[in-house]
Structure formats: structure tokens, C-alpha cells
Amino acid sequence: MATTGQAMQGQPPLEPPAPRIKRRWNKSELELLRKLYKTHSNAEIASVLGRKVASVVSKGHTLGLYKGVRRLQRMGRENISLRWRPTSHSRRSSASH
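Residues numbered from 1 in each chain as written. Predicted model: local features only at pLDDT ≥ 70, side-chain atom pairs only at ≥ 80, totals over all residues. Heavy atoms only, no water.

S.K.: What am I meant to see in the overall build of the chain here?
M.R.: A count of helical and extended segments in the chain gives four helices and zero strands. Going from N to C terminus, the chain has its helices and strands arranged as α-α-α-α. Counting across all 97 residues of the chain, residues that qualify as buried make up 18%. Sequence separation of at least 24 residues holds for 55% of the intrachain contacts in the chain that already meet a minimum separation of 6. For the chain, the computed accessible surface area is about 8,900 Å², with 56% contributed by carbon and sulfur atoms. (Helix = DSSP H or I, 4+ residues; strand = E, 2+ residues; numbered from the N terminus. Buried < 20%, exposed > 50% of the residue type's maximum accessible area, 1.4 Å probe, protein only. Contact = heavy atoms within 4.5 Å. Areas by Shrake-Rupley, 256 points an atom, 1.4 Å probe, with all protein chains shown as cover.)

S.K.: Looking at this structure, I do not really get the nonpolar core. What am I missing?
M.R.: Nonpolar side chains tend toward joint burial in soluble globular proteins. Trp-25, Leu-30, Leu-33, Leu-36, Tyr-37, Ile-45, Ala-46, Leu-49 and Val-56 form the largest nonpolar core, which has nine residues in total. Only helix H1 (27-36) and helix H2 (42-49) provide two or more residues apiece to this core. (Core = buried A, V, L, I, M, F, W, Y, C linked by side-chain atoms within 4.5 Å.)

S.K.: Sorry if this is basic, but what is going on with the packing of H1 against H2 here?
M.R.: Relative orientation of the contacting elements H1 and H2 amounts to 155°, with a least axis distance of 11 Å. Judged by the angle between their axes, H1 and H2 are roughly antiparallel. In this structure, H1 crosses over H2, and the sense of that crossing is right-handed. Note on element contacts: H2 touches H1 through Ile-45, Val-48 and Leu-49, opposite Glu-29, Leu-32, Leu-33 and Leu-36. Classifying every residue of the contact of H1 with H2 gives six nonpolar, no polar and one charged. (Axes fitted to C-alpha atoms, helices over the stretch in contact; angles between N-to-C directions. Parallel < 35°, antiparallel > 145°, perpendicular 65-115°, else oblique. Left-handed = near helix turned anticlockwise from the far one by under 90°. Nonpolar A, V, L, I, M, F, W, Y, C, P; charged D, E, K, R; others polar.)

S.K.: Sorry, what's going on with the packing of aromatic side chains here?
M.R.: In this description, a pair of aromatic rings is defined by centroid distance and the angle of the planes. For the structure on display, the rule yields zero aromatic pairs. A cation over an aromatic ring shows up here: Arg-51 above the ring of Trp-25, its NZ or CZ 4.1 Å from the ring centre. Here Lys-67 stacks its cationic end above the ring of Tyr-37, 4.0 Å away from the centre of that ring. (Phe/Tyr/Trp six-rings, centres within 6.5 Å; stacked < 30°, edge-to-face > 60°. Lys NZ or Arg CZ within 6 Å of the ring centre and 35° of its normal.)

S.K.: Please clarify how the pattern of salt bridges should be interpreted in this entry.
M.R.: Think of it this way: side chains of opposite charge can pair up when their charged atoms draw near. Inspection of the entire model under this criterion finds four salt bridges. Where Glu-29 meets Arg-51, a salt bridge forms, and the shortest distance between an N and an O atom there is 3.1 Å. Placement of the pair is Glu-29 in helix H1 and Arg-51 in the loop between H2 and helix H3 (53-62), with a sequence separation of 22 residues. Among the residues examined, Glu-29 registers a relative accessible area of 9% and is labelled buried. (Salt bridge = Lys/Arg side-chain N within 4 Å of Asp/Glu carboxyl O.)

As C-alpha cells, then:
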């Protein structure tokens, strides 16, 4: 039986996964991030920049950016509408009781 670090007979040794290369932010991306961060969703910004949402969130936090009050209110309404959708079963008629 192969021990840790040794390949099994007839099979090549396992190699660790290659590290992901993170693309550096350039000046124009940072300017656009600063311009859009307060008024647009992180998903929208990520789409425009061709980056992951987590990358936008992380860089925004690193730069000390924050969402504007109106954007936060709109985000709250969007989240509520996505998570709470009344169904026909949510309200029982008084006749069934």
C-alpha cells in the first residue's frame, strides 16, 4: 500500500492543484468600481467588470467603499420580493376552519 506522498503502483504521483491566478485591478476598473459602488448592485458591477461578485465585494471593502442609503433600501426591497412570495396556500379561507 502506498504511503502518503508516494504514488500507487502504475499511477503517477498526485500533484497539488495549481493556484488560481488573481487578475490585478487596473486604474480604469478601480475608477469604475468607485463610481458605481454606491448606486449599483455588486452583481451588476461584477458583470460590467467581468469579475466575480466576491471580488467586487472584497475590493470595495478594501477601498472603504459603501452602499448609499437609497441603494441599501432598494436592495432590502429586492431581497424581500425574492424571498417572500405569497402563495395561494398561505392564506386559508375562514370556511375551511
